[in-house]
Amino acid sequence: SKQVHSAMSRMMVLVVIAAAGTAADEPRRYSGIIGQAGTTECPCLLQFPQSLSDVGTLLEAQGFPEGYGLGVCKAWDEALTDPKSKAFSNCNGTTDQPTYCVAPWCYVDPAVCRIDKQVCKNAGGVIGSSTSPACRDKQMVESFILEERDLFFSFQTCGSLDTYSTTALQDNVAGSTMFATIVQGVNPPWTFPKGYTASDQFDADNEKFKGFSGVLIKTIDNITKQHDPPISVTLLDGWASQQSRDKWDSGYTACAMDVVVGKLDVCVGDFWVTPERLAIGVQFMIPFYNDDFFLIVPRDEPITTLHEILQKPWAPFSFDLWVAVVMFVLFTSIITLLTDSILDIGDALEDRHESEDDFENKTLVGRFFKCIYLNSMAYVSGGVQNKPSAVPARLAAVGFGWFLLVTMASYTANLASIFTMQKSAEGITSIDQAMRQRLTICAYSTSAASISGIYPTAIIDGSYADWAPMMAAMHRGKCGAAILTEIPLGLAFTGNYNAADCVMMDEGMTEAEAEEQNVYCVRLSSGEPDLSRDCNKFKKVGNSVLTMPVSMPISKPFIQSFSYTYRALAASGVFDRLLSGEETRVEALTKSVCGVELGVEDGYQLSLPSMLGTFLIAIAIQLVALLLSVVEYSKDKTVQQLLDLYHPDPTDEGSVVPNTGDLATKHDMRHEMYLLKQAQYNELEEIKSLLGMAKGKTPAPTYTDKNIASIRSDAYKEMQVGLVV
């Protein structure tokens, strides 16, 4: 708590010992009274030196036991019993007591614990080596239990984390002033500009940050208030200095450089901790987030026009292949006509070559069209439709069946492949596939070097200093893929990128300039920006290709204090609560206008639009058939009769029609013949019944049209002799 921190800050202050040497002849204080406990570089004191002989008495007066902090590494504050000492250390034995209460520590000699360059050199060592204890140092803290007594203790020499004296880090910068700038624009959930949908009273009323809000603004506000007295923040206008901007393409890197050179103390924003930034001397506080980068690829264009819908079922075969299929069907129809239909080749072969069930028409043209129908029906149904009776015709049917087998199997396989491959654009499901296909992968300029380091064979275009131009480049075909984080893709689905591009075009940008600067504006027919420009155009595939820590650049005087205080806030759940508090605003900001969620992949199931063209074509054929049927009923003629294609065999007793007169007459006479045959059948049934009754026996079980005449004649004769009344 703040009270505990305040009490501890009054007790002690952290002293970070610089690697400064002492004179070779300078006496090493407390010599001869150090023990074996602790590290060799900084052992524990066995007893207080003569100069501190009264310290033990003073500590006992405060309620601390005899020998407190001497001789061994021990959790000295865990077993305190005196109320005064327990109150002073805040260690009360409960489960919520500070962690330092159970951490071992001891008093140490500051002269021994410091690095001694000369002693280290004389021992043949170098600073940082283990050749001599004088080559290394340990963290010490000067105790303020007894002010001005030059008394030091160390948790580190006992292998413990010092959580007791860390508040002294804050004392170094408490009450000071730090100069800051804030990343410009909307940057959810980290920073929001003034007036941008304030989420709470803090956002609406804060003056220290000139109306800026967001997780990082509140985090900085919390950190500064944890110092006693609080740190004062002076917010400078703008973002990065022009001098740094002239040197760096990225505004983020330019701002970080301003921190390095001392123009700023902190840049408030979500900075990637990259090797390039570390190389120029940028120091970052503890990372507060990890950004995952994903491969983004074009999504298959959705079917939107009637032409595209109708074209889909034909997609498995190319145009020239469809022409070849049609020509082969016509060729097969000719073969069928020659082998299974033509009769005028001699009486001896007539019965062998004629298939009466398939070809009732005796004209050559009529039979040819019947062959086309049968073979077309065979192609769409997957099997031969005619019933050949001759060997040549059967052999031709086998050949056509083989053609059907191969082409239909190929069509089915290709159609299934086309539909299911909609799941990933161009078949790209990972960055490895993108590299194998030698695609140009566009990336943010700051992350390009890190990506290239991990994927050295990838073709990376790292010329993009913002996300919006990268999305425009994807539309223009300059990028076969891109590497983005989730939030930029989510913002694309809001339509914001296209709206910004259209604003630039409205301000007078030419098409040539738009092409060069990667601006891509799509408008509705009304002239307004089409916010759905990026809908269903892109998607992420595969797993994360890169993870980069996110932090803030901060100057050296503040880095330790801010890192520690942030860690304390995170451990207590404050940072998570700040993130949760911005969820509503982030969701509103990144609400998609596309009706799709980021990262939801297409399934392998076929959708209705995929098969819609097939349905429409089949329905169209059925409607044409229905229309022809309506014509037949309205004209009282068949289509063959209307086209003068029906010429039945005059030798067929079941279809004898006089060979003279017009088509209408022939049709009417044929209809009357049918009625006559029906009447004859009914009359025959009645006669058979009467004959059975008269003779007392059952008539013959079956009669055919061919013996109707003889049966009628016999029946009339029997009636005439009085057998039947």
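Residues numbered from 1 in each chain as written. Predicted model: local features only at pLDDT ≥ 70, side-chain atom pairs only at ≥ 80, totals over all residues. Heavy atoms only, no water.

Draft legend 1. Structural detail: the overall build of the protein chain. Across its full length, the protein chain holds 29 helices and 15 strands. Out of the 725 residues in the protein chain, the part that is buried amounts to 41%. Across the protein chain, contacts joining residues at least 24 apart in sequence account for 67% of those joining residues at least 6 apart. Put simply, the protein chain shows about 38,300 Å² of open surface, and 57% of that area lies on carbon and sulfur atoms. (Helix = DSSP H or I, 4+ residues; strand = E, 2+ residues; numbered from the N terminus. Buried < 20%, exposed > 50% of the residue type's maximum accessible area, 1.4 Å probe, protein only. Contact = heavy atoms within 4.5 Å. Areas by Shrake-Rupley, 256 points an atom, 1.4 Å probe, with all protein chains shown as cover.)

Draft legend 2. View of helix α24 (residues 574–581). Listed in full, the buried residues belonging to α24 are Val574, Phe575 and Leu578. The arc enclosing the buried residues of α24, seen along the axis, measures out at 100 degrees, which places them on a common side. Residues of α24 that are buried in the fold lie against α8 (215–225) and α23 (556–571). (Arc of directions from axis to C-beta.)

Draft legend 3. Spatial organisation of the pattern of salt bridges. Under the criterion given, the structure shown has 9 salt bridges. Where salt bridges share partners, they join Arg476, Lys478, Glu511 and Glu515 into one cluster. (Salt bridge = Lys/Arg side-chain N within 4 Å of Asp/Glu carboxyl O.)

Draft legend 4. Structural context of the sheet that holds strand β13 (residues 459–464). Ordered in space as β10-β15-β11-β14-β12-β13, the 6 strands form an open sheet in which the pairing is mixed. Each edge of the sheet is formed by a strand with only one pairing partner; in this case those strands are β10 (271–272) and β13. The pairing of strand β12 (residues 440–444) with strand β14 (residues 481–484) spans 3 bridges and is classified as parallel. When the sheet's bridge partners are listed, Cys442 is paired in β14 with Ala482. Sitting on the sheet, helix α18 (residues 445–454) touches β10, β11 (289–298), β12, β13, β14 and β15 (538–551), and the angle it makes with β12 is about 130 degrees. (Pairing = 2+ DSSP bridges. Axes fitted to C-alpha atoms, helices over the stretch in contact; angles between N-to-C directions.)

Draft legend 5. Fine view of the sheet that holds strand β7 (residues 177–182). Strands sit in the order β8-β7-β9 across an open sheet of 3 strands; the sheet is parallel. In this open sheet, the two strands that pair with only one neighbour each are β8 (232–235) and β9 (266–268). Across the sheet, the mean angle separating the axes of adjacent strands is 40 degrees when strand polarity is ignored.

Draft legend 6. Up close: the packing of aromatic side chains. Inspection of the entire model under this criterion finds 24 aromatic pairs. With centroids separated by 6.1 Å and ring planes inclined at 45 degrees, the aromatic side chains of Phe328 and Phe331 adopt a geometry described as tilted. One end of the pair is Phe328 and the other is Phe331, both in helix α13 (residues 319–340) and 3 residues apart, which spans about a single turn. On the basis of relative accessibility, which here comes to 27%, the residue Phe328 falls in the partly exposed class. Members of the aromatic cluster, connected to one another through ring pairs, are Phe48, Phe64, Tyr68, Trp76, Trp105, Tyr107, Phe153 and Phe155. (Phe/Tyr/Trp six-rings, centres within 6.5 Å; stacked < 30°, edge-to-face > 60°.)

Draft legend 7. Focus on the side chain of Thr274. By the secondary structure assignment, Thr274 is in the loop between β10 and α11 (275–279). Setting aside its immediate chain neighbours within four residues, Thr274 contacts Thr446 and Met548.

Draft legend 8. Representation of the state of the cysteines within the structure. This model, assessed by the stated rule, comprises 8 disulfides. For Cys42, the disulfide goes to Cys113, at an S-S distance of 1.7 Å. Measuring handedness by torsion sign, the sulfur bridge of Cys42 and Cys113 sits at about 75 degrees and is right-handed. On the criterion of sequence distance, the pair formed by Cys42 in strand β3 (residues 42–45) and Cys113 in helix α4 (residues 110–113) is long-range, its members being 71 residues apart. Cys42 sits in the buried class, given a relative accessible area of 0%. On the accessibility criterion, Cys113 (1% relative accessible area) is buried. One disulfide bridge connects Cys91 with Cys101, the sulfur atoms lying 1.9 Å from each other. Looking down the S-S bond of the Cys91 and Cys101 bridge, the torsion is -90 degrees, so its handedness is left-handed. (Disulfide = S-S within 2.5 Å.)

Draft legend 9. Local environment of the nonpolar core. Among the nonpolar cores identified, the biggest contains 84 residues, and Val268 and Leu295 are the most heavily contacted of them. Non-local contacts of Leu295, meaning those with residues more than four positions away in its chain, are made with Ile428, Ser430, Ile431, Ala434, Ile441, Ala481, Ala482, Ile483, Lys539, Lys540, Val541 and Val545. By size, the runner-up hydrophobic cluster in this structure holds 23 residues, among which are Trp76, Leu151, Phe153 and Tyr164. (Core = buried A, V, L, I, M, F, W, Y, C linked by side-chain atoms within 4.5 Å.)

Draft legend 10. Seen up close, a nonpolar patch on the surface. A cluster of nonpolar side chains, Phe319, Val323, Val326, Met327 and Leu330, forms an exposed patch at the surface whose accessible area comes to about 490 Å². Looking at the element boundaries, Leu330 is found in helix α13. (Patch = residues over 30% accessible without salt bridge, like charges linked within 9 Å, V, L, I, M, F, W, Y side chains within 5 Å.)

Draft legend 11. Quick look at the packing of α8 against α23. Between α8 and α23, the shortest axis-to-axis distance is 10 Å and the interhelical angle comes to 110 degrees. With respect to their mutual orientation, α8 and α23 come out roughly perpendicular. Together, Thr219, Ile220, Asn222, Ile223 and Thr224 of α8 and Phe562, Thr565, Tyr566 and Leu569 of α23 make up the contact between the two elements. Residues belonging to the contact of α8 with α23 are distributed by class as follows: 5 nonpolar, 4 polar and no charged. (Parallel < 35°, antiparallel > 145°, perpendicular 65-115°, else oblique. Nonpolar A, V, L, I, M, F, W, Y, C, P; charged D, E, K, R; others polar.)

Draft legend 12. Spotlight on helix α15 (residues 364–381). Taking 1.5 Å of rise per residue, 18 residues should cover 26 Å, and α15 covers 26 Å from first to last C-alpha, within 8% of that figure. Of all the residues in α15, the buried ones are Gly366, Arg367, Cys371, Ile372, Leu374, Asn375, Ala378 and Tyr379. Backbone geometry just downstream of α15 places Gly382 in the positive-phi region, at approximately 85 degrees. (Expected span 1.5 Å × (residues − 1).)

Draft legend 13. Highlighting the pairing of β8. Along β8, the buried face is formed by Val233 and Leu235; none of Ser232 and Thr234, which line the opposite face, is buried. Inspection of the sheet shows β7 paired to β8 by 4 bridges, in the parallel sense. Residue pairing for β8: Ala180 is matched across the bridge by Leu235.

Draft legend 14. The arrangement of unusual backbone geometry in detail. Note the cis peptide between Asp228 and Pro229, where omega equals 0 degrees. With a phi close to 60 degrees, Arg438 is a non-glycine residue in the positive phi region. With respect to the helices and strands, the residue Arg438 is situated in the loop between α17 (431–436) and β12. For Asn518, which is not glycine, the phi torsion reads 55 degrees and is therefore positive. Along the chain, Asn518 falls in the loop between α22 (511–516) and β15. With relative accessibility at 10%, the residue Asn518 sits in the buried group.

Draft legend 15. Quick look at the packing of α8 against α24. Where α8 meets α24, the axes come as close as 9 Å, and the angle between the chain directions of the two elements is 150 degrees. On the basis of the axis angle, α8 is roughly antiparallel to α24. Crossing hand, α8 versus α24: right-handed. Together, Val215, Lys218, Thr219 and Asn222 of α8 and Val574, Phe575, Leu578 and Leu579 of α24 make up the contact between the two elements. Residues that form the contact of α8 with α24 fall into these classes: 5 nonpolar, 2 polar and 1 charged. (Left-handed = near helix turned anticlockwise from the far one by under 90°.)

Everything listed is a geometric property; what it means functionally is a separate question.
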